[in-house]
Amino acid sequence: MTDPIDLTLSSDEESPPDDPPQPQPQRRGRRRGDQPQPDLGMIVPVNVDEREQEVNLPTPTLTNNDTDEGLKPSTTSGTGLWDLWTRNFKSPLFALLDLIDNSVDAALLQKGCKSDIPGRVQIYRDVYKHGRHSYTTGLCIRNNSMNKITSLDLALNHLFSSDKVTPNTIGENGVGMKQAAASLSDMTFVLVKNGSNEELELGIIAKVLQNEVGCFLPCFKFNDLKNLSKKMTEVFKQSQYASVAKCVAEYGKVTTDGVPSLDKGIERLCKHFEDICKKFHDNPYVFEVILDKVHDRNSKHASGAKDKQATVAEIMKTLQNDIPMRYLHIDETFKFSVGKKELTFRYWQERLVEFTEIEIPVRSKTPWHENFGVDMPDQYWLRIFLGFDRFRIAESDVEPETGIKKSNKQCSLYIYSRMSGRLILRERDSRVRLRLNAGGTEFCQALTVIIDDVDGHLPINPTKQDVVYSNQSQGGETHEDNLYAMVRAVVAFYYTHHKKKYGGKKNILTSKISQFVDRELPDGMKSCANCKLTTYKVLFNQTNTNMIRVDHSEEEPGVDTVFRLIPEEKTLKSPGITARKRKPSSIKKNSNPEAEEELEAANKKRSKKDTKRHSPTGMRSTPRRAAGRPKKYGDDFNDNGQSDSEDTSSEERGDNVKKSKNVGKGCLDLCMSSDDESESRYGKKSRNPKIISPGPKGKESNEALENRIDELEIENSILKAKTETLQEELKAAKRNIRMLEREIKRAEE
């Protein structure tokens, strides 16, 4: 790539000659410090100063840095590279989001930095006004930056790699910018204010500048905003930059039937620089991308002035609806506008019922079942958000246009990554991926699972369209298995826990979630980055079937979880019997002392007999499982919120659960307390400062015992009734046998 033109030179410096130099042997590239040499292999006719002449393109951009003196640089075909850039995105929306990622990352305040300037991103139409008429020619993305912006000479020179300032940022202001620009437009201008109004840069990414010999991405520096138009005119009228002048003149061609105008193109560029310096006067670093004549491959509109305007309007409307869902961690102080609409990033807070946050440990290289419960060096923490989508559950199961049946209520998975919380992957039905029960309507109550990889541990592809575990140096497949094994355990616990509130009835759970569809939102809702959501302190166990199971939980309600599912009071259904508390029997005093003593002795005998029959160790609330039978996620918790394993002794639990050395021999203690700053056993603070002892306590324990006593009374009454019936049937059968024996004897006689 040619060196940037620094226009801080004196006015008496000699300008390059108009005549082309003598032919020289073609070189594959140039070393650092060599002056650009014109390439005679590519001649492009350009209209400059109203006369036709042939001009040469500058030396092609080098595709590798010749830092070692012995290294011979090579060139890459510019047309082939451009064609490759246009095929890297699934849709124009992903290309736009790649450019927006750069803007968001630059405008977000990095960790450890302090600034009173809020982040700003503006997306607006590129409009040229002439008299009473205005013409929309493209789309602009403008943002401020918290740090000094990388020089365009370096940003445009990185054709195959990007040097990130921080590893947890999502934008790649090198490869990504050029790929996205080429996918959206045949000509893009990049504007930079890098400190003051005297430090301005202009870069051009254009298809017409590329050729088979190399890639040409020119950039220029200017140091005077007041005389910017004059400086641009002097540069672009030089013969070696005639091809660049052709691009600027094309930008001055406002309408499809208009005439290219270099003066009008320079005027429009200067207007953008003036807006950057005036509207962002309190921001020293500003970046802007101008996409001229945006072409949307999926747009219904064809080329033309009105159609181009309709295409830009369609893109703007799509961005207004889609961007709030695409970013998870943009707070209230960040100013983000698309057109005249200010965006707020409270998408999931407004949709999810029982919006919950749980943190899980994930190993990136070591299989999770090796030394289960032991801290490993490759272990990190990941935050999971869960909830039931109140709008998705109300959607129709039939497409209105085609009448085809579809279901949009399955368990959906969303993966967000990096500091901005950018959406990387969305899967509408993730039950197979998470190894959940995919039959019937199980997990089909618009359950939503969000994986928040804020620290950037998950490997993603350069275009941020998928998680690619194969990009990991080693253990990529193990990393994937570990992640989804932990997520599956949390999802199964969460779903079962809320289903148990309504007696395990899925239809009741669905109706309860649907009641929130028309519920109004409270004022002052916070962004996801600042919310205090409901969380659970959970314990994980490893089962004998080599699966992870949540064995115990303790709920901590969050003040910012707006929509809550309130459990119904339990109703016990049994034939002709209702549960009620035992009342002391009232016995009238008998005047006969002997009869009174006999009655008291009979009561004691009956009480002793009943106590033996209903001993807690003599009955179980659930059937005992065989040692080889695997434990299912649906059996994790009984009606009192306890796990089934809590009803048995440690010897009985050993049949079903493998234990390790730490908490309860195999429990990972995941305490989601953010208040305790003590050092956790996983190497981080405020993660899991204390151990959870299973079982209800206090008032809840008394209520649970009373309910259990009522249940046992009902079961005992039913068993008594069945026993009496069987005894009567047995007596009748014996009578029938005796009658038959008599008849046989009579027949023999």
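Everything that follows concerns the structure shown earlier in this document.
Keep in mind that what you see is a predicted model, and the values were worked out from it rather than measured. (Residues numbered from 1 in each chain as written. Predicted model: local features only at pLDDT ≥ 70, side-chain atom pairs only at ≥ 80, totals over all residues. Heavy atoms only, no water.)

**Regarding the side chain of R418**
You can see R418 is positioned in the loop between β14 (412-417) and β15 (422-427). For R418, the side chain forms a polar contact with the side chain of S417, separated by 2.5 Å. (Helix = DSSP H or I, 4+ residues; strand = E, 2+ residues; numbered from the N terminus. Polar contact = N/O pair within 3.5 Å; in protein donor to acceptor, adjacent residues only side chain to side chain.)

**Quick word on helix α7 (residues 262-279)**
The end-to-end C-alpha distance of α7, which contains 18 residues, comes to 26 Å, matching closely the 26 Å that a straight helix rising 1.5 Å per residue would cover. The complete set of buried residues in α7 reads L262, G265, I266, R268, L269, C270, H272, F273, D275, I276 and C277. Put simply, S261 is the residue that caps the front of α7, since its side-chain oxygen is 3.2 Å from the backbone nitrogen of K264. (Expected span 1.5 Å × (residues − 1). Buried < 20%, exposed > 50% of the residue type's maximum accessible area, 1.4 Å probe, protein only.)

**Re the pattern of salt bridges**
Taken as a whole and judged by the stated rule, the model has 23 salt bridges. The residue E442 makes a salt bridge to K499 at a minimum N-O spacing of 2.9 Å. Taken together, the positions of E442 in the loop between β15 and β16 (447-453) and K499 in helix α10 (residues 476-500) put the pair 57 residues apart, joining distant regions of the chain. A single burial state applies to E442 and to K499, both of which are buried. One salt-bridge network, in which partners are shared between bridges, spans E354, K501, E555 and R564. (Salt bridge = Lys/Arg side-chain N within 4 Å of Asp/Glu carboxyl O.)

**Observations concerning unusual backbone geometry**
With phi around 60°, A446 is a residue other than glycine that occupies positive phi space. By secondary structure assignment, the location of A446 is in the loop between β15 and β16. Here A446 falls in the buried class, since its relative accessible area comes to 0%. In this model, N546 sits at a positive phi of 60°, which is unusual for a non-glycine residue. Exposure remark for N546: the relative accessible area of 36% places this residue in the partly exposed category.

**So, a positive patch on the surface**
Together, K731, K734, R735, R738, R742, K745 and R746 give the surface a local cluster of positive charge. Residue placement: K731 occurs in helix α14 (residues 698-748). (Patch = residues over 30% accessible without salt bridge, like charges linked within 9 Å, V, L, I, M, F, W, Y side chains within 5 Å. Areas by Shrake-Rupley, 256 points an atom, 1.4 Å probe, with all protein chains shown as cover. Lys, Arg positive; Asp, Glu negative; His and termini not counted. Charge placed at Lys NZ, Arg CZ, Asp CG, Glu CD.)

**Observations concerning the nonpolar core**
Core analysis: the largest hydrophobic core is formed by 51 residues, its most contacted members being I360, F388, L483, V487, V491 and F540. Here this core takes twelve residues from α10, the largest share from any one element. If you look at the next biggest cluster of nonpolar residues, it comprises 50 residues, including L139, I141, A181 and M316. (Core = buried A, V, L, I, M, F, W, Y, C linked by side-chain atoms within 4.5 Å.)

**Section: α10**
Two residues of an α-helix separated by three or four positions point the same way, owing to the 3.6 residues in each turn. In this model α10 runs 36 Å from its N-terminal to its C-terminal C-alpha over 25 residues, within 8% of the 36 Å that 1.5 Å per residue would give. Among the 25 residues in α10, 20 count as buried, and that is most of the element.

**A look at the packing of aromatic side chains**
Applying the stated criterion across every chain yields a total of 14 aromatic pairs. Ring geometry for F189 versus Y251: centroids 5.0 Å apart, planes at 55°, classification tilted. Within this pair, whereas F189 is found in strand β6 (residues 187-194), its partner Y251 is found in helix α6 (residues 242-251), the two being separated by 62 residues in sequence. Accessibility classification places F189 together with Y251 in one group, the buried group. Look at F334 and F336: their rings are 6.3 Å apart centre to centre, the planes differ by 35°, and that puts the pair in the tilted class. A relative accessible area of 0% places F336 in the buried class. The ring of F280 carries the charged tip of R120 above its face, separated from the ring centre by 4.0 Å. (Phe/Tyr/Trp six-rings, centres within 6.5 Å; stacked < 30°, edge-to-face > 60°. Lys NZ or Arg CZ within 6 Å of the ring centre and 35° of its normal.)

**Considering the pairing of strand β7 (residues 200-206)**
Of all seven residues that make up β7, seven are buried, and the element is covered over most of its length. The alternating pattern of β7 places L200, L202, I204 and A206 and E201, G203 and I205 on opposite faces, both of which are buried. Relative to β7, β6 is paired through seven bridges, and the arrangement is antiparallel. Bridge pairing in β7 places M187 opposite A206. In textbook terms, the turn of a hairpin is the stretch between consecutive antiparallel strands, and for β6 and β7 this stretch comprises five residues, one of which, G195, has a positive phi near 130°. Here four bridges tie β7 to strand β8 (residues 219-222), and the two strands are oriented antiparallel to one another. Of the residues in β8, the one forming a bridge with L202 is F220. (Pairing = 2+ DSSP bridges.)

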